Amino acid sequence: MWTNPEEVLLANALWVSERANPFFILQRRKGHGRGGGITGLLVGTLDVVLDSSARVAPYRILLQTADSQIYWSIASGSSRKEITQHWDWLETNLLQTISIFDNDEDVTTFVKGKISGIIAEENKWKQAEEEEDSGKFREAELKMRKLFGMPEEEKLVNYYSCSYWKSRVPRQGWMYLTVNHLCFYSFLLGKEVTLVVQWTEVTQLEKNATLLFPESVCVSTRHTEHFFSMFLNINDTFKLMEQLANIAMRQLLDNEGFAADRSLPKPCKTLKNVSALKRDLDARAKNERYRTMFRLTQDERLDGHTDCTLWTPFAKMHIIGQLYISNNYICFNSREEDLCQLIIPLREVSIVEKADSSSVLPCPVSISTKNKMNFLFANLKDRDFLVQRISDFLQRTPDSSWSDTSPLPLIGPSASSSAGCESVQRGRHYHPDLPTASQGLLHIYQRDAAEDLGPKATKEKMKEEAWNIHFFEFGRGVCMYRTSRTRELVLNGIPERLRGELWLLFSGSSNEMATHPGYYGDLVEQAMGLCSLATEEIERDLHRSMPEHRAFQNETGIAALRRVLTAYAHRNPGIGYCQAMNIVTSVLLLYCTEEEAFWLLVALCERMLPDYYNTRVVGALVDQAVFEELTRAFLPLLYEHMQDLGVISTISLSWFLTLFLSVMPFDSAVLLVDCFFYEGIKVIFQVALAVLHDNMDALLSCSDEGEAMTILGRYLDNVVNKQTVAPPIPHLHALLTSGDDPPPEIDIFELIKSSYEKFGSLRSDVIEQMRFKQRLKVIQSLEDTAKRSVVRAMMTESAFSIEELEELYCLFKAKHIMSCYWGSSSSAAERHDPSLPYLEQYRIDPAQFGQLFGALGPWLCGGHTPTLAARLFRLLDHNKDGLINFKEFITGLSGMYHGDMTEKLKLLYKLHLPPALCPEEAESALEATHFFTEDVPQESPFLSDLDFLVQQEVTSGEEVKDGGGGAADGEEKKEEKVKDYRYYLRMWAKEKEPRRETIKDLPKMNQEQFIELCKTLYNMFSEEPQEQQLYHAIATVASLLLRIGEVGKKFTNNGSKKPDAAATAAVPAAEPEKEEWAGEGASGESQVCRALAEAQLEAPAQPASDEETKDDTSVSSYSMVSAGSLQCEDIADDTVLIGCGEQRRGSALDGDWSITFEQVLASLLTEPVLVDYFEKKGDIQAKMAACKAQRAVERQTSSSSDHELAQHSV
């Protein structure tokens, strides 16, 4: 490539000149290519260790002038071919021009300007993010693609100098972190190390420090561990590795590739060695932390943050913290944890102004809201810029008429079909007059109860009063100051009247509901009435949702629950519906309106409990693993004993999925939900640890899993809320597990208090770190489970061994996942349906199937292979959606490898009939023989579906006649006498069981389809050891089948005999032809050509004599080509058949000509060499090994130097 001219003082240091003229020198780096000796080894080592620019370019071109000692580097190349093209261009276009210059300075100026102009022209087409990257980073990206054979789609994120430990020896080199791979390259004293690891294969990432590996990063896969150390900044590197591994896990979960953020603002200046992707990932990490901290929606993006102080009127003091600005919010968080937090939606802001600055209050900014609250921020470094930025966002913020805003889009594939629906018929399912549209179910069913004036009611009123005082001091609504006092009130229990309001506030759902009015109503109208797997599961679970509560013992509560669950399943088809969602939603409906419960469910499923309610409950499994790790850290003795019993994984899943609602009395569990909405998941971990701690002695004395579960179940059943004012609700689980001596009651407030005292040191960021670590293990474990399930399911349907099926599954899945990040004709997410069985989840398109068929298929036909692969794909694609799953893939492959001769030939036969053979391919066969056709209209060579049905009906009718109808009639009469239920059961079972296809079910093959079959057979034998014998055999069989078709046509037209009889009569007549052709000594290709030419013959009125037949098939009338010289497409070329064009000009393709599969099979059985070929067992192990070795070669796009002999070991 051309490079910006740079000065070179020592032109020959570490370089060898290979070409020269008065103005330019072409040089090669020492140590590159052949030879080099000890100097070459040292130079290569220095290039890798020091990261010199020569790493990228082993060749370069220098500009020199006679009077100057300074050289200018103007071009570099990774191969001799590339650098030679640049050299030839210079000699052709510049050498004569610059030779007329008198002044050397003019020569230098002219050449430098010319090269800079070429570079500027080349850069015009480059993408925006590439233009942002520094020159040195682009060089490293080119180096990465050259070393590891990555395509243009694979983007480098960053690269680091480090050591890779191999056999306890550190190899200093460079680690390249791309979006989808971790790569390492080292070249030290002739020893080359190349490593490529897919992020989707990583099972664990650990940063540790040991005696052997000081401050190292361990990357674990299923089969090995890789250690890297000696980083300049190990923390930065490890964070980036975590991000990339997390993106890969998301690919395995959702099958969506990484999409760069195009809306990222451009940097003020090009950052050295920092790519646009690295900036994108850093911004993503900051956005994620920001959204988690303030419970904001997934589309919220942090614009910036700055240090400041906030004046707190309730404490009469300034609090130090950070101010965050995003597109819809202004947020503040104190430096001291839980001291003060503030969220101000821009939709609530009325005035932003700069206040008067003073020594006490420097650079203040005042923000006023519509509900008359005022916030004063001070000590802002760049106040003017901050105010301008907030003003810009305010201008983009719609006013209070939020109904004009665009609706929130649905998540998943149903979005396109539902985006344009109008809610004109809202009254049918959801309307404001419904009781649940304006109040919670609990209020509806308690409003008629007499007012309770007892001590519990008094306690409840005191709680309400405490919250009213809090609202007066700290504000009410979304702009409320959230302080340690707020947490104390939450831990003491939220009053029932305020529970719905505060759940919405603390979860962030109030913001979404306020900005999307009417969204829930529209969604209900779109969703109700639709039938899907999710709606069936919802209907099944509706009456299992808190059946002990009177609110769900009538249609009002059930209907509200149905609407909320169905609306969410329609909004997010990726989750749809999962068991446990009904329990959580029913509790939400008790305290909230339908719309509020819906938005709380959105917050739970999409933000607060990520991946909990998908088809594989991945999030709950991850938190279960985190809980085990926390148990090991806080309760090591108990952990060891519980692991032996296998209890933790059994009990904790229901605790996390339902937030203890299914295992604890309702009045107690709802207090945990209060704390959860305020504190997040850490409260659930704390309480779970406290439950284990309280039962430690009893659990340590347990001898089996059942005893331990009984202890924990009875303990949780007796956790009571003594302050509740609601009438007691019987807990079904408690009724079932209660014994003779019930254990003492446990106060829920005491349990929560002890959880904070003993395990309050838990931090949310630590939990997130542990979640990442366990997510890798859980997802890879689920992938292994899926693989085992697929292998077990396919063992009975294929003849492959377990090991072969596992390898094939890995190759199939790798091809699917590769499309996630290297592009495909269809979205990978569309091709992955998690609701299907494991063996039908991953699907590939025709292009990917073609690649796998070319690598694994036993029937390789050279250039004809893609055509055969496309036909097999169409045959296997039963539902015609352009995709095939693993089951279909294995079905086709197993038939080719392990079927007997009849099965293989049946598959080959079907590959040349519709739907495998598409009309376009038959037209190409017609074009190959166009010189035979007359200028008259011709019937379509394809038999319609009706024709096939008629044929099959005729055949089956004849079979009935031949089978002796008398006996069958007798049996039917017997059956008619006694037709009890068993008879109908047998008939039903017979209808349900799949009908096994026989050879008589296969339709006939017409002339054009037969030509395609001959082409395929001819190409299959091109690389076989017995190539000549196979050609002779297939030519003989083709001739025989052509005669059978001709004779069969006569009998079909006359209607005097059946086709089978015609075929039988034709076989002896064709035998002399067989001997004659075999004795000709002609090549196999010409014999096949003659056979195809015979297909164009009209049936003669009188049988021809032997002499006429010999003349008619003489070798001299055909173009002769030596054996093996024809390519796979030559059968269809005019040059093959044109020799007989003079004789056959008046002939036409015969639409009545046809043969059956039985005739094809019988004809092939007459040739032992063909029988041996199709009976031969293929070796798929060797194919799979070659396919795995070729995966790196498939990525290869760069050309290597003709002098590079070093082989990269991957």
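Residues numbered from 1 in each chain as written. Predicted model: local features only at pLDDT ≥ 70, side-chain atom pairs only at ≥ 80, totals over all residues. Heavy atoms only, no water.

S.K.: Looking at this structure, how should I read the overall build of the protein chain?
M.R.: Scanning the protein chain for helices and strands turns up 50 helices and 25 strands. Looking at the 1210 residues of the protein chain, the share that counts as buried comes to 52%. When contacts within the protein chain are restricted to residue pairs at least 6 apart in sequence, long-range pairs at least 24 apart make up 70% of them. On the protein chain, roughly 56,600 Å² of surface is accessible, and the fraction owed to carbon and sulfur atoms is 53%. (Helix = DSSP H or I, 4+ residues; strand = E, 2+ residues; numbered from the N terminus. Buried < 20%, exposed > 50% of the residue type's maximum accessible area, 1.4 Å probe, protein only. Contact = heavy atoms within 4.5 Å. Areas by Shrake-Rupley, 256 points an atom, 1.4 Å probe, with all protein chains shown as cover.)

S.K.: Would you take a moment to explain the pattern of salt bridges for this structure?
M.R.: Two side chains bearing opposite charge may form a pair once their charged atoms approach each other closely. Applying the stated criterion across every chain yields a total of 42 salt bridges. For arginine 562, the salt bridge identified is with glutamate 555, shortest N-O distance 3.4 Å. What emerges from the salt-bridge pattern is a single network uniting Glu18, Arg28 and Arg80. (Salt bridge = Lys/Arg side-chain N within 4 Å of Asp/Glu carboxyl O.)

S.K.: Whenever I open this one, a positive patch on the surface confuses me. Can you help?
M.R.: There is a patch of like positive charges on the surface, built from Lys207, Lys239, Lys286 and Arg289. By the element assignment, lysine 239 lies in helix H7 (residues 234–254). In this structure lysine 239 comes out as exposed when scored by relative accessible area, which is 56%. (Patch = residues over 30% accessible without salt bridge, like charges linked within 9 Å, V, L, I, M, F, W, Y side chains within 5 Å. Lys, Arg positive; Asp, Glu negative; His and termini not counted. Charge placed at Lys NZ, Arg CZ, Asp CG, Glu CD.)

S.K.: Sorry, what's going on with the pairing of strand S11 (residues 216–221) here?
M.R.: Consecutive side chains of a regular strand alternate in pointing toward one face of the sheet and then the other. Among the six residues in S11, six count as buried, and that is most of the element. Burial along S11 is two-sided: the residues Ser216, Cys218 and Ser220 and Val217, Val219 and Thr221 are all buried. By the bridge criterion, six bridges tie strand S10 (residues 202–208) to S11 in an arrangement that is antiparallel. Across the sheet, the residue bridging to asparagine 208 is serine 216, located in S11. (Pairing = 2+ DSSP bridges.)

S.K.: Whenever I open this one, unusual backbone geometry confuses me. Can you help?
M.R.: Residues apart from glycine generally show negative phi values, whereas peptide bonds are mostly found in trans. Between proline 914 and the following residue, proline 915, the backbone shows a cis peptide bond with an omega angle of 5°. Along the chain, the position of proline 915 falls in the loop between helix H36 (901–910) and helix H37 (919–928). The phi torsion at cysteine 363 lies on the positive side, around 50°, for a residue other than glycine. Examined against the element boundaries, cysteine 363 turns out to sit in the loop between strand S17 (349–354) and strand S18 (365–369). In this structure, aspartate 611 is a non-glycine residue whose phi angle is positive, near 65°. Topologically, aspartate 611 is positioned in the loop between helix H20 (594–608) and helix H21 (618–634).

S.K.: So what exactly am I meant to see when it comes to the pairing of strand S7 (residues 169–178) here?
M.R.: Judged by how many residues are buried, S7 sits mostly within the fold: eight of 10 residues are covered. The sheet contact formed by strand S6 (residues 156–166) and S7 spans 10 bridges and is antiparallel. Counterpart to tyrosine 160 in the pairing with S7 is methionine 175. The hairpin turn running from S6 into S7, its antiparallel successor, is two residues long, and serine 167 in that turn takes a positive phi close to 55°. Sheet topology places S7 next to strand S8 (residues 181–188); four bridges connect them, and they run antiparallel. Bridging from a neighbouring strand, tryptophan 174 pairs with tyrosine 185 of S8. Between S7 and S8, which pair antiparallel one after the other, the connecting turn spans two residues.

S.K.: Would you mind showing me how to read helix H23 (residues 648–657) here?
M.R.: Since the α-helix advances by 3.6 residues per turn, residues separated by three or four positions end up pointing in the same direction. Buried within H23 we find Ile648, Ile651, Ser652, Trp655, Phe656 and Leu657. Tucked into the core, H23 has its buried residues touching helix H19 (581–591), H21, helix H22 (636–645), helix H25 (682–694) and helix H27 (705–717). Leucine 659 lies just past H23 and shows a positive phi near 55°.

S.K.: Explanation requested: the nonpolar core in the structure shown.
M.R.: What tends to happen in soluble globular proteins is that the nonpolar side chains get buried as a cluster. Of all hydrophobic cores here, the largest spans 192 residues; its most connected members are Phe377, Trp503 and Tyr613. With 11 residues, H7 is the largest single contributor of residues to this core. Not counting residues within four places of it along the chain, the set of residues in contact with tryptophan 503 comprises Ile494, Val587, Leu588, Tyr591, Cys592, Leu600, Val670, Val673, Asp674 and Phe677. One finds Leu856, Leu913, Ala916 and Val1169 within the second-largest nonpolar core, a separate group that totals 74 residues. (Core = buried A, V, L, I, M, F, W, Y, C linked by side-chain atoms within 4.5 Å.)

S.K.: Hey, could you run me through the packing of aromatic side chains in this one?
M.R.: For any pair of aromatic rings, geometry is given as the distance between the ring centres together with the angle between the planes. Scanning the model with the defined rule gives 48 aromatic pairs in all. Ring centres 6.2 Å apart and planes at 25° place the aromatic pair phenylalanine 849 and phenylalanine 853 in the stacked group. Of this pair, phenylalanine 849 and phenylalanine 853 both sit in helix H33 (residues 846–856), four residues apart, which is roughly one turn of the helix. On the basis of relative accessible area, phenylalanine 849 is assigned to the buried category, the value being 1%. A residue is classified by how much of its surface remains accessible, and phenylalanine 853, at 3% relative accessible area, is buried. Clustering of aromatic rings is evident, with ring pairs tying together Tyr809, Phe812, Tyr842, Phe849, Phe853, Phe873, Phe886 and Phe889. Sitting above the plane of the tryptophan 15 ring, arginine 60 keeps its charged end 4.0 Å from the centroid. A cation over an aromatic ring shows up here: lysine 112 above the ring of tryptophan 72, its NZ or CZ 3.7 Å from the ring centre. (Phe/Tyr/Trp six-rings, centres within 6.5 Å; stacked < 30°, edge-to-face > 60°. Lys NZ or Arg CZ within 6 Å of the ring centre and 35° of its normal.)

S.K.: Where do I start with the packing of H21 against helix H30 (residues 764–795) in this structure?
M.R.: Relative orientation and spacing of two packed helices are given, respectively, by the angle between their axes and the distance between those axes. Close contact between H21 and H30 brings their axes to 8 Å; oriented N to C, the two are set at 120°. Here H30 runs oblique to H21, going by the angle between their axes. In terms of crossing hand, the pair formed by H21 and H30 is right-handed. Facing H21, whose interface residues are Val618, Leu621, Val622, Asp623, Ala625, Val626, Glu629 and Leu630, H30 presents Met770, Arg771, Lys773, Gln774, Arg775, Val778, Ile779 and Leu782. Each residue belonging to the contact of H21 with H30 can be placed in one class, and the counts come to 10 nonpolar, one polar and five charged. (Axes fitted to C-alpha atoms, helices over the stretch in contact; angles between N-to-C directions. Parallel < 35°, antiparallel > 145°, perpendicular 65-115°, else oblique. Left-handed = near helix turned anticlockwise from the far one by under 90°. Nonpolar A, V, L, I, M, F, W, Y, C, P; charged D, E, K, R; others polar.)

S.K.: In this structure, what is going on with the sheet that holds S7? I would like to understand it.
M.R.: What links the strands of a sheet is backbone hydrogen bonding, and the strands pair in either a parallel or an antiparallel sense. On the basis of which strands lie adjacent, the open sheet formed by seven strands has the order S9-S8-S7-S6-S12-S11-S10 and antiparallel pairing. Each edge of the sheet is formed by a strand with only one pairing partner; in this case those strands are strand S9 (191–198) and S10. Across the sheet, the mean angle separating the axes of adjacent strands is 30° when strand polarity is ignored. Of the strand pairs in this sheet, S6 and strand S12 (residues 225–229) are connected by three bridges, and their pairing is antiparallel. The residue bridging tryptophan 165 from the neighbouring strand is phenylalanine 227, located in S12.

S.K.: Even after reading the chapter, I still don't get helix H35 (residues 886–898), so can you show me in this structure?
M.R.: The terminal C-alpha atoms of H35, which comprises 13 residues, lie 17 Å apart, in line with the 18 Å expected from a rise of 1.5 Å per residue. Within H35, burial applies to Phe886, Glu888, Phe889, Ile890, Gly892, Leu893, Ser894, Met896 and Tyr897. (Expected span 1.5 Å × (residues − 1).)

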